[in-house]
Amino acid sequence: MLLVGVLSILGSSARAAAGEPEGAAPEAPAALERDPASTIPAAVYGAPASQAEPPDSSRDDYGERTVVVKTRDDEPENEDRSTSVVTRKQFARRLPRSSPDALRYEPGVFIQQTAHGQGSPYIRGHTGQQVAFLFDGVRMNNSLYRQGPNQYVFTVDVRTIERYEIVRGPASTRYGSDAVGGAIVATPVRPSMVEGERAVEVHPRALLRHSGADQEYGGRAQFDLSYKGTLGFFGGFGYRDVGQLRSGGRIIAPETGEPWNFSLHHNDGGAQWPEPKMQHGTGFREFAWDSRVEWAVNEDLSLSLNYYDYRQFDVPRADKCPAPTAPRNECYVFDEQFRTLVYAALDSVRGPAFAETARARLSFQRAHERWRVDTDYPFNGQLAPPGLKRPFDNTGRDDVNTAGAMLELRTKRFRLTDDVGVQAHYGADGYLDFVESKAWQRFFDTGQVVERSRGQHLPGNYFTGGAWTQLRFDIHERLLLRGGGRFAHAAARAEGDPESNSLDVDARWSSFVGETGVHVKAQEWLTFDLGANQGFRAPNLSDLTARRPTGPGFQVENAELKPERSTSFEVGVRVAHERISLTAHAFHTRTRDVIQRGVLPCDELGGCSGQQFALKPVNLRGPSINQGADGLLHLRFGYGFALRSTVSYVWTEGPDSLAPLVIDDDLRTPLSKTPPLNGSNELMWSVPDIDVTLGGGVRWAALQDRLSPQDLEDFRIPLGGTPGFVAVDLWASYQLWKPFVLLSLVLENLGDAPYRYHGSSINGPGRSLNVMLEIGY
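A. Local environment of the overall build of the protein chain. Counting its regular elements, the protein chain contains five helices and 36 strands. Across the protein chain, contacts joining residues at least 24 apart in sequence account for 69% of those joining residues at least 6 apart. Put simply, the protein chain shows about 29,800 Å² of open surface, and 59% of that area lies on carbon and sulfur atoms.

B. Expanded view of the nonpolar core. Of all hydrophobic cores here, the largest spans 28 residues; its most connected members are L103, F133, F135 and Y164. Residue assignment for this core shows that the elements contributing at least two residues are β2 (109–112), β4 (131–135), β6 (161–168), β7 (182–188) and β13 (331–348). Filtering out sequence-adjacent residues up to four positions away, F133 remains in contact with V138, R139, M140, N141, Y145, Y152, V153, V156, Y164, I184 and A186. Grouped together as the second largest cluster of nonpolar side chains are 20 residues, V400, V505, A507 and F536 included.

C. Representation of the side chain of T395 within the structure. Secondary-structure assignment places T395 in strand β15 (residues 392–410). Not counting the four nearest positions on each side in its chain, T395 is found in contact with R370, W371, R372, A439 and W440.

D. Molecular detail of the environment of A538. If you trace the backbone, A538 turns up in the loop between β22 (526–537) and α4 (541–545). Through-space distance from the C-alpha of A538 to that of D178 is 7.4 Å; in sequence the pair is 360 residues apart. Excluding anything up to four places from it in sequence, A538 contacts S177, Y462, A490, W509 and P563.

E. Molecular detail of the pattern of salt bridges. Within this structure, the stated rule accounts for 61 salt bridges. A salt bridge links E682 to R93, with the nearest nitrogen and oxygen atoms 3.6 Å apart. Of this pair, E682 sits in strand β32 (residues 678–687) while R93 is found in helix α2 (residues 88–94), placing the two residues 589 residues apart along the sequence. Between R174 and E408 there is a salt bridge whose closest N-O contact spans 2.9 Å. In this pair, R174 sits in helix α3 (residues 172–175) while E408 sits in strand β15, placing the two residues 234 residues apart along the sequence.

F. Looking closely at the state of the cysteines. Applying the stated criterion across every chain yields a total of one disulfide. Covalent S-S linkage joins C321 and C331, the inter-sulfur distance amounting to 2.1 Å. One disulfide, between C321 and C331, carries an S-S torsion of -105° and so falls in the left-handed class. Taken as a pair, C321 in the loop between β12 (301–316) and β13 and C331 in strand β13 lie far apart in primary sequence, ten residues in all. Both residues of the pair, C321 and C331, belong to the buried class.

G. Region of interest: unusual backbone geometry. Of note, the amide linkage connecting C321 to P322 takes the cis form, showing an omega dihedral of -5°. As for its placement among the helices and strands, P322 is situated in the loop between β12 and β13. Non-glycine residue D314 carries a positive phi angle of around 55°. Structurally, D314 can be placed in strand β12. You can call D314 partly exposed: its relative accessible area is 33%.

H. The arrangement of the confidence of the model for the protein chain in detail. Summarising the model, the protein chain shows a mean pLDDT of 85, and 84% of its residues fall at 70 or more. Predicted confidence for residues 1–71 stays below pLDDT 50, and this span has 149 contacts to residues more than four positions away or in other chains. Here residues 263–274 is a poorly scored stretch, pLDDT under 50, and it has 30 contacts once near neighbours within four places are set aside; other chains count.

I. Focus on the packing of aromatic side chains. Going through the model one piece at a time under the given rule, you end up with 16 aromatic pairs. Between the aromatic rings of F154 and F284, the centroid separation amounts to 5.8 Å while the plane-to-plane angle is 85°, which identifies the pairing as edge-to-face. Remark: F284 occurs in strand β11 (residues 284–298) and F154 occurs in the loop between β5 (138–139) and β6; sequence separation between them is 130 residues. Judged by its relative accessible area of 3%, F284 falls in the buried class.

J. A look at the environment of A403. Position of A403 among the secondary structure elements: in strand β15. Along the backbone, A403 and G430 are 27 residues apart, and their C-alpha atoms lie at a distance of 8.4 Å.

K. Representation of the side chain of E748. Tracing the chain through its elements places E748 in strand β35 (residues 741–748). For E748, the side chain forms a polar contact with the side chain of R97, separated by 2.8 Å. Contact partners of E748, with chain neighbours within four places excluded, come to R97, R699, V728, D729, P765, G766, R767, S768 and N770.

L. A look at the sheet that holds strand β1 (residues 83–87). Here we have five strands laid out as an open sheet, ordered β1-β6-β7-β4-β5, and mixed in their pairing. Only two strands of the sheet have a single partner each, and these edge strands are β1 and β5. Taken together, the five bridges between β4 and β7 define a ladder with parallel strand orientation. Note on β7: the bridge partner recorded for F133 is I184.

M. Inspection of the pairing of β6 at higher detail. The buried fraction of β6 amounts to eight of the eight residues, a majority that puts the element mostly inside the structure. Bridge count between β1 and β6: five bridges; the pairing is antiparallel. Within β6, the position partnered with V86 by the bridge is Y164.

N. Spatial organisation of the pairing of strand β36 (residues 768–776). Burial along β36 is one-sided: the residues S768, N770, M772, E774 and G776 are buried and none of L769, V771, L773 and I775 is. Two strands pair when backbone bridges link them, and strand β8 (residues 200–211) and β36 are joined in this way by seven bridges, in the antiparallel orientation. Each residue of the ladder has a partner; that of H210, found in β36, is V771. In this structure, β35 lies alongside β36, joined through eight bridges in antiparallel fashion. Opposite L742, over in β36, you have E774 as the bridge partner.

O. A look at the environment of T173. Assignment of secondary structure puts T173 in helix α3. Between the C-alpha atom of T173 and that of Y426, which follows or precedes it by 253 residues, the distance is 9.9 Å. Apart from residues no more than four positions distant in its own chain, T173 is found in contact with W468, T469, Q470, G484, G485, R486, V513, G514, E515 and Q534.

Definitions and cut-offs
Residues numbered from 1 in each chain as written. Predicted model: local features only at pLDDT ≥ 70, side-chain atom pairs only at ≥ 80, totals over all residues. Heavy atoms only, no water. Helix = DSSP H or I, 4+ residues; strand = E, 2+ residues; numbered from the N terminus. Contact = heavy atoms within 4.5 Å. Areas by Shrake-Rupley, 256 points an atom, 1.4 Å probe, with all protein chains shown as cover. Core = buried A, V, L, I, M, F, W, Y, C linked by side-chain atoms within 4.5 Å. Buried < 20%, exposed > 50% of the residue type's maximum accessible area, 1.4 Å probe, protein only. Salt bridge = Lys/Arg side-chain N within 4 Å of Asp/Glu carboxyl O. Disulfide = S-S within 2.5 Å. pLDDT = per-residue confidence, 0-100. Phe/Tyr/Trp six-rings, centres within 6.5 Å; stacked < 30°, edge-to-face > 60°. Polar contact = N/O pair within 3.5 Å; in protein donor to acceptor, adjacent residues only side chain to side chain. Pairing = 2+ DSSP bridges.

Put into structure tokens, the structure is as follows:
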């Protein structure tokens with residue numbers, strides 16, 4: 001509240017100094033308005049928008065633009081970087097199953113799925129720990145994010161999201177540790193704050209959804225309330241029950257030309273599914289609820305209190321259901337996957353010169369996992385035969401409680417000369433994790449439960465944070481120079497466990513990362529980009545202390561890891577024309593001390609818990625390289641027709657991580673699970689007069705046969721690599737009795753093609769009719 005008072009007083013003083021009476025009402029702030037376009041059918045995903053067109057800036061005494069506030073929901077906040085934005089209008093058209101699924105049509109993004117209830121976005125070949133994830137400015141990454149693909153983006157309910165912005169390439173200057181490959185920035189739906197004829201405006205809405213391929217049934221009830229346009233509430237609750245996923249059939253292994261049946265790896269001789277298209281180890285249940293109370297203190301300042309809760313139950317991990325060398329009735333299941341986020345937010349515009357816009361967040365979040373290795377999991381509806389059933393099962397839980405704070409400020413544009421201006425963007429953040437981890441073994445014959453000396457991780461705490469600044473110099477309205485840097489610090493501490501020979505962890509890392517760029521505006525509609533950006537990722541407690549099944553093996557800890565550091569060089573072009581929008585960038589990223597898993601013999605550990613071999617995180621000697629290009633083309637033909645196309649390619653190379661812990665400097669291989677050449681095409685036709693939208697999309701990927709040594713040992717990847725595919729989707733939406741009823745239909749995978757995103761444990765959905773009905777006012 002002290003910050004609120006200071007900004008308000010300084011803002012009033014600044015206006016008075018400019019000759020504006022202190023009691024005068026300033027112009028409506030763009031930050032508190034809504035995009036009129038967002039009332040198109042997708043408004044059902046959130047609150048209806050204001051009909052007023054907000055201004056894009058305010059001006060000082062010289063007519064200079066001082067506050068630049070985005071008014072279109074599809075314009076990126078990081079406008080000088082290689083970015084793209086996906087909005088709730090697109091969510092309503094495509095009907096994504098989850099937050100990762102909502103990103104499939106974005107350039108540079110490739111979605112891997114270890115389970116039907118999980119999904120991990122790759123950005124230019126990086127995923128998981130190497131991609132920063134933020135929700136309304138709050139860092140979501142925690143110290144138990146595991147290496148490689150993970151499930152945590154899935155734990156954000158897409159129905160609460162206004163838009164996602166994807167930042168491609170290292171972004172640690174602004175977003176801190178983990179943004180080695182890029183960042184995903186989520187903006188939640190806010191109350192509409194509509195001032196109507198009544199003092200209290202209430203807009204309830206119900207959403208009902210069904211998907212055919214996995215027999216999903218679910219829904220959501222939500223409410224948007226506004227009191228005199230100054231106090232608002234938006235919130236809701238939802239549930240869905242998802243069954244086993246039916247695919248288009250088995251994919252063909254390129255090396256053999258035969259259908260790929262990963263169950264042949266099982267040690268009981270290879271169990272067969274009764275129906276080749278039905279996928280064992282899929283399905284889950286989830287609850288989600290949220291609330292946001294927002295107060296427009298005045299036209300320049302808003303405060304909000306926010307609560308988001310996601311709870312997922314009974315999620316089998318498909319690649320461990322069963323594991324390759326385990327009995328067919330053994331399955332690794334996430335009984336509980338919860339995320340709770342509570343935070344207070346301050347957003348201010350038109351403040352003093354040094355903080356013309358301001359954002360502050362105080363947050364607390366809790367990530368909870370409860371898992372079990374079920375030794376009697378039904379397989380084809382049958383329990384384990386007595387001779388194959390183990391006499392015990394293993395259970396555990398991992399909890400991370402995180403306290404965080406963030407402050408972000410932007411100055412006015414200072415005019416250095418008639419043709420040169422400068423603006424600064426700066427801030428600081430800090431997040432402290434408290435980790436608990438436990439594990440038990442339960443014996444069926446006696447009912448005895450024995451607690452193990454340690455869980456999958458060692459209990460401890462972890463801090464990450466820093467201070468940063470970015471400067472933008474504009475010259476003659478044609479040239480923009482940008483530069484910035486961050487001082488980053490991370491610290492990890494965990495108490496060892498003598499019984500399991502787990503060592504203490506007490507480590508600290510500090511680093512400076514920077515960025516620079518040149519942007520030439522050759523024409524009003526044409527801009528050329530040249531930039532260099534750095535990323536930084538300190539080892540987290542998963543790297544330093546984890547013992548858990550993962551991919552093809554069993555991971556053990558390494559308490560002596562060093563941070564990863566990446567530098568990326570990028571060149572590109574942007575076109576912003578009435579009929580054509582284009583972004584195309586080529587990049588070359590070099591990452592030092594990449595943390596990947598090297599192989600250890602199982603006999604060194606006394607066994608690998610049923611896995612094929614042990615994997616230990618190591619820093620690879622020598623640089624790893626990710627290079628390629630990605631682009632987005634948007635054509636608007638008129639008469640309601642539009643075409644949107646994306647293409648992405650990344651080529652990777654690094655030291656061989658499977659050459660146990662002695663790495664051959666001369667042996668270089670592709671990095672694990674590198675996405676193939678892939679892209680998408682969408683053709684849309686919108687008829688506003690009759691509230692109909694029709695369209696179709698094509699998702700495609702080429703064969704990926706550049707495999708790392710890990711990939712060659714990973715039974716999820718067919719012999720010879722993952723085959724290419726083409727999947728066609730059709731969609732339609734119709735607004736009945738506007739704005740009371742919206743019907744959206746998607747015919748997914750029209751050709752019932754069998755396909756798999758490279759590195760996934762499951763095949764994509766087969767032909768499926770997905771329906772969403774939204775009713776409200």
